[in-house]
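Below, each chain spelled out in residue letters.
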Amino acid sequence: IENDIVLNYELGLEKNLFRVPQRIYINGFATGNAGTLNTKLSTGLVLIAGRVTGRIVSVFDRASAQSRGFTFHFYLQPMVTIVGYDATLQGGLFNDASPYTIASGDLDRLLFRYNAGVVMQVGPIYLEYFYTFRTKEFKTGLSHTWGGVRIGARL
């Protein structure tokens, strides 16, 4: 894909819908992107359950942010995306000289994705296993799955 100007804006909102403090959180979210890279709307839910404390939920449960002990939780995040434009598949908005592009009519405009994972944390150190599934983005494409492990420290 040839070079082109990239100027994108993103606006997102996440709201807690249900919670059992330090045990279960269900959040709803919506995100909108508009610009020369992509134009799309996404919405979905995030379910977090387990022994939940720390920064991940401190916005919804301030007392949990003080925890320094062991925590364990899993999460599930299903989402739906409506795609208007995607320069990574269709080529640049201003430069149409890219030889490898997919015609607008061949794009799948309604996408489904879910992320799932398990997180263990002791103090600031965490270990996470995650898995992602994404439906195909164009008619002759394939659905994708991938996963991995993250090790890090929360500051």
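Residues numbered from 1 in each chain as written. Predicted model: local features only at pLDDT ≥ 70, side-chain atom pairs only at ≥ 80, totals over all residues. Heavy atoms only, no water.

(A) Molecular detail of the overall build of the protein chain. Secondary structure summary: the protein chain contains one helix and seven strands in total. The secondary structure elements of the protein chain, listed N-terminal to C-terminal, are β-β-β-β-α-β-β-β. Each of the 155 residues in the protein chain was classed as buried or not, and the buried ones make up 35%. Sequence-distant contacts, at least 24 apart, represent 57% of the contacts inside the protein chain between residues at least 6 apart. (Helix = DSSP H or I, 4+ residues; strand = E, 2+ residues; numbered from the N terminus. Buried < 20%, exposed > 50% of the residue type's maximum accessible area, 1.4 Å probe, protein only. Contact = heavy atoms within 4.5 Å.)

(B) Structural context of the pairing of strand 3 (residues 38–51). Summarising the sheet, strand 2 (residues 24–35) and strand 3 pair through ten bridges and their orientation is antiparallel. Residue pairing in the sheet places Ile26 in a bridge with Leu47 of strand 3. Counting the residues between successive antiparallel strands, the hairpin from strand 2 to strand 3 contains two residues. Bridge count for strand 3 against strand 4 (residues 70–86) is twelve bridges, and the pairing is antiparallel. Counted as the bridge partner of Leu41 is Ile82 from strand 4. (Pairing = 2+ DSSP bridges.)

(C) Spotlight on the pairing of strand 5 (residues 110–122). Relative to strand 5, strand 4 is paired through 13 bridges, and the arrangement is antiparallel. Along strand 5, the bridge assignment pairs Val80 with Phe112. One ladder, built from ten bridges, connects strand 5 with strand 6 (residues 125–134); its direction is antiparallel. From the neighbouring strand, Gly117 faces strand 6, where its bridge partner is Phe130.

(D) Local environment of the packing of aromatic side chains. What the rule picks out here adds up to three aromatic pairs. Ring centres of Phe112 and Tyr114 lie 6.1 Å apart, and the angle between their planes is 50°; this geometry places the pair in the tilted category. Judged by relative accessible area, which is 32%, Phe112 ranks as partly exposed. Joined through ring pairs, the aromatic side chains of Phe112, Tyr114, Tyr131 and Phe133 make up one cluster. Over the ring of Phe130 we find Arg150, and its NZ or CZ is 4.1 Å from the ring centre. (Phe/Tyr/Trp six-rings, centres within 6.5 Å; stacked < 30°, edge-to-face > 60°. Lys NZ or Arg CZ within 6 Å of the ring centre and 35° of its normal.)

(E) Quick peek at the confidence of the model for the protein chain. When pLDDT is averaged along the protein chain, the result is 88; 89% of the residues meet or exceed 70. Segment residues 57–66 is flagged for pLDDT under 50; beyond a separation of four residues in sequence, or across chains, it makes 19 contacts in the model. (pLDDT = per-residue confidence, 0-100.)

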